[in-house]
Amino acid sequence: MQLSIIIVNYNTKDFLRDCLKSVIEQTQELEYEIIVSDNGSTDGSLQMLAKEFPQVQVIANGQNLGFGAANNKALDLATGKYIFYLNSDTILLNNAAKIFFDYFEEHDDGKLGAIGSLLLDSQKRIIHSGGSFPSLKSELLDLVKLNLGNIYLTLGTILHFKNMHRNHFAKEEYGPLDFITGADLFVKNNEYARFDRDFFLYYEDTFLQYKMAQAGLERHIIKGPEIIHLCGGSVGQGMTIYRKASFSRINYEFSRIKFLRKTNATKALSTRMGIGIAKFLIILFWINPFIIRKTGPHIKTLKNL
């Protein structure tokens, strides 16, 4: 088998259907398999898969294992030479899988670890597709900005301001970078394809590629594949204070701290102080009176990380 396409699903039936249709319609001249690892969906996803996509291998996990763990379950069954991790909210516009496959076959000199593409929003504008590894300094700066944004959103909730919109459009830049977003991550089927189970949601793709970097493996954004990431464009719509209490946002902050711990010399006083400040800044916007009911129960967990 040349390629295993792995998709994690959690209550995204309609997105998943469109994603699978695009994969099957667009992927040509390649021996491939599709494995969907379902994290206990209750929206009829499993029934839809059985009825409409009988050729797809399905892993019914029965519960939400998290993104990395669910991918690992599929990885255990994958027989492809390469693994194509694909989000359920993506749509392939061309034969992206074959383009990735050919690139890896032609450019692998033992130093290539992962490749991806510039992702597009529904209007085909380039959006966030990767970046630099987070550092203690960059994460602290981001948390300061989040708290300032928190103040704005809180005032907006009280005074009925318009919601804040943040569009993340990117430049057309190809070549090596620190990490590729996990929405379209193409890797070899080896030990570097496995995610760290400590990350339930977010940063698992970044940490996977951090380990590649430590091993001297490069990560490249390449030209050619065209992939829409439907939830990757504008996070502005509906961006209110309540989003900061969402399940995904809370887990994002947990993973942020875990990444900092795993990638920094935690015995150093400056690192321990920095992580302590990061936790304080997270708690600071979690105790917002509008969201404390949802975030409050998680403060103790955060403090103990």
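Cut-offs and rules
- Positions within a chain are numbered from 1, following the residues in the order the chain's sequence is written.
- Predicted model: local features are reported for residues with pLDDT of at least 70 only, side-chain atom pairs are reported and counted for 80 or more only, and whole-chain, interface and lining totals are derived from all residues.
- Side-chain figures throughout are based on the complete set of non-hydrogen atoms in the structure, without hydrogens or water.
- Under the scheme applied here, a residue whose accessible area is under 20% of the maximum for its type counts as buried, over 50% as exposed, and between as partly exposed, the area being computed with a 1.4 Å probe on protein chains only.
- Helix numbers and strand numbers start at the N terminus; a helix is a DSSP run of H or I with at least 4 residues, a strand a run of E with at least 2.
- Residues count as neighbours in contact if any of their non-hydrogen atoms are within 4.5 Å of one another.
- Two strands qualify as a pair provided DSSP detects at least 2 bridges between them.

**Student:** So what exactly am I meant to see when it comes to helix 3 (residues 67–77) here?
**Tutor:** Helical geometry: 3.6 residues make up each α-helical turn, so side chains three or four residues apart lie on a common side. Most of helix 3 sits out of view: 8 of its 11 residues are buried. What helix 3 keeps buried is the set Phe 67, Gly 68, Ala 69, Ala 70, Asn 71, Asn 72, Ala 74 and Leu 75. Where the residues of helix 3 are buried, they touch strand 1 (3–9), strand 2 (32–38), strand 3 (57–60), strand 4 (82–86) and helix 6 (204–214).

**Student:** Got a minute to help me understand the pairing of strand 11 (residues 184–188) in this structure?
**Tutor:** Regular strands show a simple pattern: their side chains alternate between the two faces of the sheet. Across the 5 residues that make up strand 11, a large majority, 4, are buried. Direction of pairing for strand 4 relative to strand 11: antiparallel, over a ladder of 5 bridges. Bridged to Tyr 85 within strand 11 is Leu 185. With 2 bridges connecting them, strand 6 (residues 112–116) and strand 11 associate as antiparallel partners. Directly across from Ile 115, in strand 11, lies its bridge partner Phe 186.

**Student:** Hey, could you run me through the environment of Gly 175 in this one?
**Tutor:** Looking at the element boundaries, Gly 175 is found in strand 9 (residues 175–176). Placed 46 residues apart in sequence, Gly 175 and Ile 221 show a C-alpha to C-alpha distance of 5.2 Å. In this structure, Gly 175 is in contact with Arg 219, His 220 and Ile 221, ignoring residues within four places of it in sequence.

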